[in-house]
Amino acid sequence: MTCKPDLTMKPEVTPFFDPATNTISYVVKDPGSEACAVVDSVMDIDYAAGRISYESADRIIAFIREKALRLEWLIETHVHADHLSGAPYIQAALGGKIGIGRNITVVQETFGKVFNEGTEFQRDGSQFDRLFEDGDSYRIGAMTACTIHTPGHTPACMTHVIGDAAFVGDTLFMPDGGSARADFPGGDAGTLYDSIQRVLALSRETRLFMCHDYGPNGRDIAWETTVGEQRDHNIHVGQGRSREDFVAMREARDATLKMPTLIIPSLQVNMKAGELPPEENGKRFLKVPLGGL
Ligand SMILES: [Fe+2]
């Protein structure tokens, strides 16, 4: 099935920028009702201190309460490797269903081994309320959202298209940032290129919302662009760059990148829909696999 978005449907999108991880979370509201979705929320961690907190998620909860919105979905565009998901915390406060791409099972299989998870860790995605396939649709109030499977950065990456707005996760960065790395386990630069072409095939005026921005070359943080701007100006894929060129560039660049600071806590929590490990002796413990990544 293919995504056929209704461009006359224009959701109200409110961004929440987290400076600690350069993540942008979104509240996406149906203009015709009080229904909304949250995309890619953040749980705060001071990794050096082993301390979790919820300022970022609390800001989103306060916003939704203040506007008296009804939270229907908590969307994860993918299993993030650079921040922890705040979805279960927000769900406990406001309800809604947590959804991610069907290929979460591939990610769970890979990292279940890396973190030496026992058989009690189900690798079937059952920690999530909904697993999206390519071309799936779901409702946020009167709006129909649809999903495009956009693997390459990770196997479970999905782009969510809601009316004239698309949430691309880490498939693309802003035009001057290019694209995300494709060297994590299950990532692939050629696959990422093919996925990006599917996003660029949406109509030019489609609003695109990024999951991350690092303000390249000293510019202010930004998160919103359009398909047209990406086609014309994206430094990695714009102006019809070839697959071969992109793969060579992406692989050379990825070979120079360090692991993200929070990859170890992020993956082991996010592959379980953001749930922290169970208590042992009244405390929760994260693992650090030596030589595992
Ligand atoms: Fe990511």
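This one's a predicted model, so the numbers in the text were calculated from it and none came from an experiment.

1. Some remarks on the sheet that holds strand 6 (residues 70-75)
Thinking step 1. Spatial strand order, 1-2-3-6-7-8: six strands in an open sheet with mixed pairing. The open sheet has two free edges, formed respectively by strand 1 (12-18) and strand 8 (130-132), since each of these has just one partner strand. Neighbour-to-neighbour, the strand axes of the sheet open up by a mean angle of 25°, direction not taken into account.
Thinking step 2. Pairing of strand 7 (residues 97-101) with strand 8, which is carried by three bridges, proceeds in the parallel orientation. Paired with G101 across the two strands is F132, which belongs to strand 8.

2. Topic: the nonpolar core
One recurring pattern in soluble globular proteins is that nonpolar side chains are buried together.
Thinking step 1. With 73 residues, the main nonpolar core has V28, C36 and I140 as its most contacted residues.
Thinking step 2. Leave out the neighbours within four places in its chain, and I140 touches V28, D30, A35, C36, A37, E72, W73, A145 and I162.

3. Some details on the packing of helix 1 (residues 55-66) against helix 2 (residues 87-94)
Thinking step 1. Here helix 1 crosses helix 2 at 30°, and the two axes come no closer than 10 Å. Comparing the axis directions of helix 1 and helix 2 gives the class roughly parallel. Crossing of helix 1 against helix 2: the hand is right-handed. Across the interface between the two elements, A57, I60, I61 and I64 from helix 1 touch Y89, I90, A93 and L94 from helix 2.
Thinking step 2. Among the residues forming the contact of helix 1 with helix 2, the class breakdown is eight nonpolar, no polar and no charged.

4. Here's the deal with helix 1
Thinking step 1. Its 12 residues place the ends of helix 1 16 Å apart at the C-alpha level, agreeing with the 16 Å of an ideal helix rising 1.5 Å per residue.
Thinking step 2. Taken as a whole, helix 1 has its buried residues at S56, A57, I60, I61 and I64. One face of helix 1 carries all of its buried residues, which in axial projection span an arc of 135°. With respect to the buried face of helix 1, the exposed residues turned more than 90 degrees away are E55, A62, R65 and E66.
Thinking step 3. Packing partners of the buried residues in helix 1 comprise strand 1, strand 2 (23-29), strand 3 (35-39), strand 4 (44-46), strand 6 and helix 2.
Thinking step 4. The positive-phi residue at the C-terminal boundary of helix 1 is A68, with phi of around 55°.

5. Quick notes on the UniProt feature "domain: Metallo-beta-lactamase" (unreviewed entry) in the chain
Thinking step 1. Per the UniProt annotation, the sites labelled "domain: Metallo-beta-lactamase" (unreviewed entry) are residues 22-212.
Thinking step 2. For residues 22-212, helix accounts for 23% and strand for 28%, while the C-alpha atoms at its two ends are 6 Å apart.

6. Side note on the environment of C146
Thinking step 1. As for its position among the elements, C146 is in strand 10 (residues 143-149).
Thinking step 2. A tally of 22 C-beta atoms within 10 Å means that C146 is categorised as buried.
Thinking step 3. C-alpha of C146 to C-alpha of G32: the two residues are 114 residues apart in sequence and 18 Å apart in space.
Thinking step 4. Those residues in contact with C146 that lie beyond four places of it in its chain are C3, P5, G135, D136, S137 and V161.

7. Points about unusual backbone geometry
Thinking step 1. Positioned with a positive phi, A68 is a non-glycine residue whose angle comes to about 55°.
Thinking step 2. Along the chain, A68 turns up in the loop between helix 1 and strand 6.
Thinking step 3. On the neighbour-count criterion, A68 (7 C-beta atoms within 10 Å) is exposed.
Thinking step 4. Positioned with a positive phi, N116 is a non-glycine residue whose angle comes to about 50°.
Thinking step 5. Checked against the element boundaries, N116 lands in the loop between helix 3 (104-114) and strand 8.
Thinking step 6. Take N116: there are 10 C-beta atoms within 10 Å of it, and that puts it in the exposed class.

8. Details of the environment of L293
Thinking step 1. With respect to the element layout, L293 can be found in the segment after helix 7 (263-270).
Thinking step 2. Given 14 C-beta atoms within a 10 Å radius, L293 is considered partly exposed.
Thinking step 3. As a C-alpha pair, L293 and A142 span 151 residues in sequence and 43 Å in three-dimensional space.
Thinking step 4. Excluding its chain neighbours within four sequence positions, the residues that come into contact with L293 are V114, M259 and I263.

9. Details of the sheet that holds strand 11 (residues 158-162)
Thinking step 1. Strand order in the open sheet formed by six strands is 9-10-11-12-13-14, and the pairing between neighbours is mixed. Looking at which strands have only one partner, the edges of the open sheet turn out to be strand 9 (137-140) and strand 14 (224-226). Between one strand axis and the next, the sheet turns through 30° on average, direction left out of account.
Thinking step 2. As paired elements, strand 13 (residues 207-209) and strand 14 share three bridges and run antiparallel to each other. Among the inter-strand pairings, F209 is bridged to a residue of strand 14, identified as E224.

How each quantity is defined
Residues numbered from 1 in each chain as written. Predicted model: local features only at pLDDT ≥ 70, side-chain atom pairs only at ≥ 80, totals over all residues. Pairing = 2+ DSSP bridges. Helix = DSSP H or I, 4+ residues; strand = E, 2+ residues; numbered from the N terminus. Axes fitted to C-alpha atoms, helices over the stretch in contact; angles between N-to-C directions. Core = buried A, V, L, I, M, F, W, Y, C linked by C-beta atoms within 7 Å. Buried ≥ 20, exposed ≤ 12 C-beta atoms within 10 Å, placed from the backbone. Contact = placed C-beta atoms within 7 Å. Parallel < 35°, antiparallel > 145°, perpendicular 65-115°, else oblique. Left-handed = near helix turned anticlockwise from the far one by under 90°. Nonpolar A, V, L, I, M, F, W, Y, C, P; charged D, E, K, R; others polar. Expected span 1.5 Å × (residues − 1). Arc of directions from axis to C-beta. UniProt positions renumbered as here; feature names shortened; annotations may be inferred.

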